[in-house]
Amino acid sequence: MQVKAPDRATAADRPVARRPARRPRTVVPRRYSRTIQGLGYAAPTAVFVTVFFLLPLLLVGQMSLSDWPLLAGDRGGNAPENYTDVTDSPLFWPAVRFTLLYTGIVTVVLLGLALLLALLVQESRPGAGFFRTVYFLPGALGLASASLLFWGLYSPTTGPLSRILERLGLVDDPVSFLGAPTSALLSTVFLVVWKFAGFYMLILLVGLQRIPHEVYEAARMDGASRGQVFRSITLPLLRPSLALSLLLCVTGSLLAFDQFFVLTKGGPDNSTVTVVQLIYREAFQRLNLGTAAALSIVVLAALLLLNALQFRGLHRADES
């Protein structure tokens, strides 16, 4: 009896296992991917600005329209009494005048000295790097620490400056540098110029080094003097750096607080009270956050207006 072998199915007769169909990939256009990537980079900064700037600004705006004692919280709206109380304060207009006077003196002296220092260390000559470091070194010190240091130097009893003047025979009695309005102002200006001259020198030095040397060589070949080169070449081409320095210097001077708080406490006889010191007094001495917030809004609006006028003036100067 013969056993019949089972039929073997050929490869063509076997059923083919079908793979599941793949879903088509969603292709994101390149411009959208770049937009998403840019949003991812900007998200941390946006969160930081929102949490530490926008939300506090909204809170200050709410405080400025409310009766808000420091220890009692919000008692409801009282607009516009906080804003009228700001101008009714006997220290408001004297503080505004003093802040403007201080800003004008510091801006002229500081930027003039910074430009002079930048011109002195502009060329790469032996010792230029050393002097650049020396001029910039005070800027590494905090303003409050520098103010405390100068407070010790200005002390008529323990400070060395008064003793040096006495030994030189220039004065007979100890000098109270912070005891009179004029001397207190000038002493504070000296501190600020000492600390920030190197910082603004660095900004102006970068601007000077970006001026091509070929321009100076062409001017010398034409017989231009140093004064003509400075007026016709250096100053016009240095305008962006000067504009940045002017903006930073004016804004920082209008917001002056640390140096006067440490050196003079607003004295003598409230003659050195700045606008920011007035905000501090309203908030933490009179315990009135509403009036302090209103004054902060006024200062912010004034700074925005002043910066807008500065940018407009610089834009017109560039066009001309």
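I will try to describe carefully the structure that is included in this document. (Residues numbered from 1 in each chain as written. Predicted model: local features only at pLDDT ≥ 70, side-chain atom pairs only at ≥ 80, totals over all residues. Heavy atoms only, no water.)

### Notes on the environment of Val-206
Among the secondary structure elements, Val-206 is positioned in helix α7 (residues 181-209). Val-206 sits in the partly exposed class, given a relative accessible area of 45%. The sequence separation of Val-206 and Gln-122 amounts to 84 residues, and the corresponding C-alpha distance is 9.0 Å. (Helix = DSSP H or I, 4+ residues; strand = E, 2+ residues; numbered from the N terminus. Buried < 20%, exposed > 50% of the residue type's maximum accessible area, 1.4 Å probe, protein only.)

### Some details on the packing of aromatic side chains
All told, the structure shown has 15 aromatic pairs when counted by the stated rule. Between Phe-199 and Tyr-200, the ring centres sit 5.2 Å apart and the planes meet at 80 degrees, which makes this aromatic pair edge-to-face. Residue Phe-199 is classed as partly exposed on the basis of its relative accessible area of 33%. Owing to a relative accessible area of 6%, Tyr-200 belongs among the buried residues under this scheme. (Phe/Tyr/Trp six-rings, centres within 6.5 Å; stacked < 30°, edge-to-face > 60°.)

### Some thoughts on the nonpolar core
Counting 30 residues, the largest nonpolar core has Tyr-102, Val-106, Leu-110 and Tyr-200 as its most contacted members. The set of elements that each furnish at least two residues to this core consists of α3 (92-120), α7, α8 (213-221) and α9 (226-237). For this core, the element with the highest residue contribution is α7, accounting for 11 residues. Setting aside residues no more than four positions away along its own chain, Leu-110 makes contact with Val-192, Val-193, Phe-196, Ala-197, Tyr-200 and Cys-249. Grouped together as the second largest cluster of nonpolar side chains are 19 residues, Val-250, Val-275, Ile-279 and Val-299 included. (Core = buried A, V, L, I, M, F, W, Y, C linked by side-chain atoms within 4.5 Å. Contact = heavy atoms within 4.5 Å.)

### Things to note about the environment of Asn-270
Mapped onto the elements of the fold, Asn-270 is located in the loop between α11 (258-263) and α12 (275-284). Using a relative accessible area of 37% as the deciding quantity, one classes Asn-270 as partly exposed. For the pair Asn-270 and Pro-94, spaced 176 residues apart in sequence, the C-alpha to C-alpha distance is 8.8 Å.

### Regarding a negative patch on the surface
Side chains of Asp-67, Asp-74, Glu-81, Asp-85 and Asp-88 sit close together on the surface and give a patch of like negative charge. With respect to the helices and strands, Asp-67 occurs in the loop between α1 (30-64) and α2 (81-88). (Patch = residues over 30% accessible without salt bridge, like charges linked within 9 Å, V, L, I, M, F, W, Y side chains within 5 Å. Areas by Shrake-Rupley, 256 points an atom, 1.4 Å probe, with all protein chains shown as cover. Salt bridge = Lys/Arg side-chain N within 4 Å of Asp/Glu carboxyl O. Lys, Arg positive; Asp, Glu negative; His and termini not counted. Charge placed at Lys NZ, Arg CZ, Asp CG, Glu CD.)

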